[in-house]
Amino acid sequence: MKKIFKHDEFNNILSNLSKEYDIYAPVTLAFKGNFSDTDLVKYEKITKLEEINLKDKSYYSAKEILLPIRQTMFYFNENEFKKPEGRTRKVLILLRSCDLHAIDRVDNIYLNNKFADEYYSDVKKLVKFAVIGCSGKGWETCFCTSMGTNKTDKYNIGLTFKDGEIYTDIKDEELEEFFNEGENKEFEMEFVTENIEKVTVPENIELDDIINDELWRDYDRCIKCGRCNFVCPTCTCFTTQDIFNRDNSKTGERRRVWASCHIDGFTTMAGGHEFRQKSGDRMRFKVMHKISDYKKRFGTHMCIGCGRCDDACPEYISYINCINKLSKKLGDNNE
């Protein structure tokens with residue numbers, strides 16, 4: 001069902017939807033950026049169009065709605081443990097095509113990886129997705145067309161904002177009742193067809209061919225802050241922490257917290273041995289996971305070409321340039 005709505009009409013739809021759904025979209029948080037005079041664009045609850053930032057790329061993706069940065073797995077005492085009550089309200093997330101592809105990558109890790117993660121599964125059952133169409137060439141560091149994530153039709157609602165009106169493609173029968181007004185009109189979703197950045201991903205990489213290459217020494221300057229991992233919509237690693245109550249050390253909670261292959265201690269073993277001590281070796285591990293190892297297992301590249309890692313790095317390390325250098329080194333011409 002395809003319809004077109006005026007601004008006020010769509011705000012009424014959002015108002016009605018918010019009675020049943022928590023609606024998330026990229027919003028601008030004033031003065032919450034890396035510096036005191038910069039803003040931060042991230043996913044927050046919204047109830048009207050004016051709150052949505054359609055102009056800028058969000059610093060973080062929608063991943064943290066399904067996979068929180070910190071999540072209590074269970075509470076415990078000396079006799080028993082109890083899983084906390086999770087999310088109960090339904091969720092509607094407004095996101096771009098590349099980020100919806102990223103959700104598919106995370107699903108493979110948490111749902112299709114021999115065992116399903118019950119915490120992620122419980123939330124995913126409540127979530128629907130509204131894809132926001134992209135026009136032009138995307139943002140400066142986007143390379144979604146190179147990764148094949150610039151388009152999708154696997155959404156519950158498709159949204160194109162054009163000429164002050166909202167073009168909607170409703171594919172979910174449960175949501176049709178909220179869109180019973182408006183004017184029927186055929187249209188095509190707008191998606192990016194070309195990016196400024198172009199990336200050639202080498203195929204059939206063998207680790208033995210590149211494991212000791214001098215290329216990785218260029219990335220020893222990485223300061224191991226983990227920003228690239230935390231802004232990445234497909235990074236899924238976490239660690240666990242037991243937090244004990246001060247008044248009674250026999251009670252507390254176990255949390256899982258986002259972790260990162262770039263950060264010291266992530267691979268530390270008993271006795272203090274740590275794999276991949278050099279930053280460049282950690283870069284190699286991440287790159288191989290994103291463009292080789294994951295694909296061998298699930299059939300698609302893990303990277304979706306959002307470019308957030310390049311945006312976030314304080315050392316100006318470019319993942320895009322790294323892939324292209326690797327491609328040239330292995331004989332896949334990038335021109």
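Criteria and cut-off values
- In this numbering scheme, every chain counts its residues from 1 along its sequence in written order.
- In view of the model being predicted, local features appear only for residues whose pLDDT reaches at least 70, and side-chain atom pairs are presented and counted only at 80 or more, with totals across whole chains, interfaces and linings using the full set of residues.
- Where side-chain values are given, they derive from all heavy atoms of the structure, hydrogens and water being excluded.
- Comment: elements are numbered from the N terminus, with helices defined as DSSP H or I runs of at least four residues and strands as E runs of at least two.
- The globule rule used here is 2.2 Å times the number of residues to the 0.38 power, and the radius of gyration it is set against is calculated over C-alpha atoms.
- When a residue's accessible area, from a 1.4 Å probe over protein chains only, is under 20% of the maximum for its type it is buried; when over 50% it is exposed; and in between it is partly exposed.
- We call two residues in contact whenever any of their non-hydrogen atoms come within 4.5 Å of each other.
- Areas reported here follow the Shrake-Rupley algorithm with a probe of radius 1.4 Å; residue values treat only the protein chains shown as occluding.
- This count recognises Lys and Arg as positive and Asp and Glu as negative, with His and chain-terminal groups excluded.
- A charge is said to be at NZ when it belongs to Lys, at CZ for Arg, at CG for Asp and at CD for Glu.
- Helix span is expected to be 1.5 Å times the residue number reduced by one.
- In this scheme, the bend at a residue equals the angle between the axes fitted to the seven residues that finish there and the seven that begin there.
- Pairs of strands are assigned from DSSP output, requiring at least two bridges between the strands.
- Excluding any residue in a salt bridge, patches collect residues exceeding 30% relative accessible area, merging like charges within 9 Å and nonpolar Val, Leu, Ile, Met, Phe, Trp and Tyr side chains within 5 Å.
- The salt bridge definition used is simple: a Lys or Arg side-chain nitrogen within 4 Å of an Asp or Glu carboxyl oxygen.
- Inter-axis angles, ranging from 0 to 180 degrees, are taken between N-to-C directions of lines fitted to C-alpha atoms, where helices are fitted over the stretch in contact.
- The criterion is simple. A nonpolar core is a set of buried Ala, Val, Leu, Ile, Met, Phe, Trp, Tyr and Cys residues joined through side-chain atoms within 4.5 Å.
- Classification of ring pairs rests on two measures: the distance between centres of Phe, Tyr or Trp rings, Trp counted by its six-membered ring, which must be within 6.5 Å, and the angle between planes, read as stacked under 30 degrees, edge-to-face over 60 and tilted in between.
- Throughout this description, the term charge over a ring refers to an Arg CZ or Lys NZ atom that lies within 6 Å of the ring centre and within 35 degrees of the ring normal.

K.L.:
What am I meant to see in the overall build of the protein chain here?
P.N.:
Each helix and strand in the protein chain was counted, giving eleven helices and twelve strands. Computed over C-alpha atoms, the radius of gyration of the protein chain comes to 22 Å, within 12% of the 20 Å expected from 2.2 N^0.38 for 335 residues, which places it in the range of a compact globule. Overall, the C-alpha framework of the protein chain stretches about 65 × 65 × 45 Å when taken along its three principal axes. Sorting the 335 residues of the protein chain into buried and exposed places 49% on the buried side. Pairs at least 24 residues apart make up 74% of the contacts formed inside the protein chain by residues separated by at least 6 positions. With the model as given, the accessible surface of the protein chain reaches about 17700 Å², and the carbon-plus-sulfur share is 46%. The centroid of the 52 positive side-chain charges in the protein chain is displaced by 3 Å from the centroid of its 57 negative side-chain charges.

K.L.:
Any chance you could explain helix H9 (residues 279-298) here in plain terms?
P.N.:
For an α-helix the count is 3.6 residues per turn, leaving residues at separations of three or four pointing the same way. Taking 1.5 Å of rise per residue, the 20 residues of H9 would be expected to cover 28 Å, and the 27 Å separating its terminal C-alpha atoms lies within 8% of that figure. Along its length, H9 shows its largest kink, about 55°, at histidine 289. Phi turns positive, to about 95°, at glycine 299, one or two residues after H9.

K.L.:
How should I be thinking about the sheet that holds strand E12 (residues 252-258) in this particular structure?
P.N.:
Hydrogen bonding along the main chain pairs the strands of a sheet, whether they run parallel or antiparallel. Pairing is antiparallel across the open sheet formed by four strands, whose spatial order is E5-E4-E12-E11. What marks the edges here is a single partner per strand, and that holds for strand E5 (81-82) and strand E11 (238-244).

K.L.:
Explanation requested: a negative patch on the surface in the structure shown.
P.N.:
A cluster of like negative charges, contributed by Asp8, Glu9, Glu50, Glu51 and Glu181, occupies part of the molecular surface. When you line up the elements, glutamate 9 lands in helix H1 (residues 7-17). Judged by its relative accessible area of 33%, glutamate 9 is partly exposed.

K.L.:
What is the right way to read the sheet that holds strand E2 (residues 21-29) from this model?
P.N.:
Here eight strands make up an open sheet; going across it, the order is E3-E2-E6-E7-E8-E9-E1-E10 and the pairing mixed. The open sheet has two edge strands, strand E3 (40-45) and strand E10 (183-184), and neither has a second partner. Judged from the six bridges that link them, strand E8 (residues 157-162) and strand E9 (residues 165-170) form a sheet pairing that is antiparallel. Bridge pairing in E9 links threonine 160 to tyrosine 167. Against the sheet, H1 makes contact with strand E1 (2-5), E2, strand E6 (90-95), E8 and E9, and its axis sits at roughly 110° relative to E1, the strand it touches most. Docked against the sheet, helix H3 (residues 97-110) engages E3, E6 and strand E7 (127-132), running at close to 150° with respect to E7.

K.L.:
What is the right way to read the pairing of E1 from this model?
P.N.:
A regular strand carries its side chains on alternate faces of the sheet. Sheet topology places E1 next to E9; four bridges connect them, and they run antiparallel. Looking at the pairing, phenylalanine 5 lines up with isoleucine 166 of E9. For E1 and E10, the ladder comprises two bridges, and the chain directions are antiparallel. By the bridge assignment, lysine 3 is partnered in E10 with asparagine 184.

K.L.:
What am I meant to see in the environment of isoleucine 93 here?
P.N.:
Among the structural elements, isoleucine 93 can be located in strand E6. Isoleucine 93 gets classed as buried once you look at its relative accessible area, which sits at 0%. Taking the C-alpha atoms as reference points, isoleucine 93 and alanine 259, separated by 166 residues in sequence, lie 24 Å from one another. Leave out the neighbours within four places in its chain, and isoleucine 93 touches Tyr24, Tyr43, Ala62, Ile65, Leu66, Val127, Lys128, Phe129 and Ala130.

K.L.:
What is the right way to read the nonpolar core from this model?
P.N.:
The tendency in soluble globular proteins is for nonpolar side chains to be buried as a group. With 25 residues, the main nonpolar core has Ile65, Leu66, Ile93 and Leu95 as its most contacted residues. Breaking this core down by element, the ones donating at least two residues are helix H2 (63-66), E6, H3, helix H4 (118-124) and E7. If one sorts the elements of this core by residue count, H3 sits on top with four residues. In this structure, Trp216, Ile291, Tyr319 and Cys322 belong to the second largest nonpolar core, which totals 24 residues.

K.L.:
Looking at this structure, I do not really get the packing of aromatic side chains. What am I missing?
P.N.:
Geometry of an aromatic ring pair is reported as the spacing of the ring centres plus the angle between the planes. In this structure the tally under the stated criterion is 13 aromatic pairs. Judged by centre distance (5.0 Å) and plane angle (80°), the ring pair of tyrosine 59 and tyrosine 60 falls under edge-to-face. Here the aromatic residues Phe74, Phe76, Phe81 and Phe244 are joined through ring pairs into a cluster of three or more. Across from the ring centre of tyrosine 155, 4.5 Å away, lies the NZ or CZ of lysine 171, which sits over that ring.

K.L.:
What is the right way to look at the pattern of salt bridges in this model?
P.N.:
Side chains that carry opposite charge are capable of pairing whenever their charged atoms lie near each other. A complete count under the given rule lists 29 salt bridges for this structure. For lysine 6, the salt bridge identified is with glutamate 165, shortest N-O distance 2.6 Å. Within this pair, whereas lysine 6 is found in the loop between E1 and H1, its partner glutamate 165 is found in strand E9, the two being separated by 159 residues in sequence. A salt bridge links lysine 90 to glutamate 20; the nearest nitrogen and oxygen atoms lie 3.2 Å apart. Of this pair, lysine 90 sits in strand E6 while glutamate 20 sits in the loop between H1 and E2, and the two are 70 residues apart along the sequence. The network of salt bridges with common partners includes Asp22, Lys45, Arg87 and Arg89.

That is the geometry; function is a separate question.
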